[in-house]
Amino acid sequence: DYERRARYDLPSSYVLADGAGLEEIELLLAGWTWVDSAMGDSISLVVLSRSWPTISLVRSRAMALDLDLSVRAVERVKSEDLPAVYRGAEAFLFGGWGHGREAVCRALACGLAIVGIESPEAAILLGPAAYLVPALDARRLGAACLTVLVEPDVRERLRSRAREQGAPLRADGPLRA
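Residues numbered from 1 in each chain as written. Predicted model: local features only at pLDDT ≥ 70, side-chain atom pairs only at ≥ 80, totals over all residues. Heavy atoms only, no water.

Draft legend 1. Inspection of the packing of helix α2 (residues 22–39) against helix α3 (residues 52–64) at higher detail. Following both chains from N to C, one finds α2 and α3 inclined at 25 degrees, their axes separated by 10 Å at the closest point. Here α2 is positioned roughly parallel relative to α3, judged by the angle of their axes. Classified by chirality, the crossing of α3 by α2 is right-handed. Listed contacts from α3 to Leu22, Ile25, Glu26 and Leu29 of α2 are Pro53, Thr54, Leu57, Val58, Arg61 and Ala62. (Axes fitted to C-alpha atoms, helices over the stretch in contact; angles between N-to-C directions. Helix = DSSP H or I, 4+ residues; strand = E, 2+ residues; numbered from the N terminus. Parallel < 35°, antiparallel > 145°, perpendicular 65-115°, else oblique. Left-handed = near helix turned anticlockwise from the far one by under 90°. Contact = heavy atoms within 4.5 Å.)

Structure, rendered in structure tokens:
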């Protein structure tokens, strides 16, 4: 995993966001300001995208919010490297359900602590495996992410539940069932 993550020059400690649409980037970055102000240089937000407009928006908005030292936009991660990139994250952050369903499923399959926006779809898929907050509430999104990062018991409880919920999504899940 280390070698695969090194291909993208990822920081040693990071929260992962993947599958965010243009409309979700603002919310994710606004929420991240709360984490950045509390944790400083100790953790980064890594935003994955295959879309140049999304990468460009992440970089420009991060700079405008003075988050350019703690936010990284990574373009075009190879599909065979995605599991390693996911497994290296401390948590997974999502700002909405529209574009990120596949990414949320990958986070669940990798057993990540998940923080995101509540919706009926998220509640059904994730159940107790995620810390969900009301839509469009950047402060709560940031506070939830911060809680997961600084409270090991919360993070481990979410990871344990994610491993349970995500078992059918892993390649060996159907064989175990």
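Still more to cover.
Draft legend 2. Highlighting the packing of helix α7 (residues 138–150) against helix α8 (residues 152–166). Two elements in contact, α7 and α8, have axes whose closest approach is 5 Å; the angle formed by their N-to-C orientations is 95 degrees. Compared by their axis directions, α7 and α8 come out roughly perpendicular. Across from Thr147, Val148, Leu149 and Val150 in α7, the residues of α8 making contact are Pro152, Val154, Arg155 and Leu158. Within the contact of α7 with α8, the residues separate by chemical class into six nonpolar, one polar and one charged. (Nonpolar A, V, L, I, M, F, W, Y, C, P; charged D, E, K, R; others polar.)

Draft legend 3. Up close: the side chain of aspartate 137. Tracing the sequence through the fold places aspartate 137 in the loop between β6 (130–133) and α7. At 3.1 Å, the side chain of aspartate 137 and the backbone nitrogen of arginine 140 are in polar contact. (Polar contact = N/O pair within 3.5 Å; in protein donor to acceptor, adjacent residues only side chain to side chain.)

Draft legend 4. Molecular detail of the nonpolar core. One finds Val15, Trp32, Leu45, Val71, Leu93, Leu141 and Cys145 to be the most contacted residues of the largest nonpolar core, which totals 32 residues. Valine 15 has contacts with Trp32, Ile43, Ser44, Leu45, Val46, Ala91, Leu93, Cys145 and Leu149, leaving out every residue within four places of it along the chain. Counting 29 residues, the second largest nonpolar core, distinct from the first, contains Leu16, Val85, Tyr86 and Cys105. (Core = buried A, V, L, I, M, F, W, Y, C linked by side-chain atoms within 4.5 Å. Buried < 20%, exposed > 50% of the residue type's maximum accessible area, 1.4 Å probe, protein only.)

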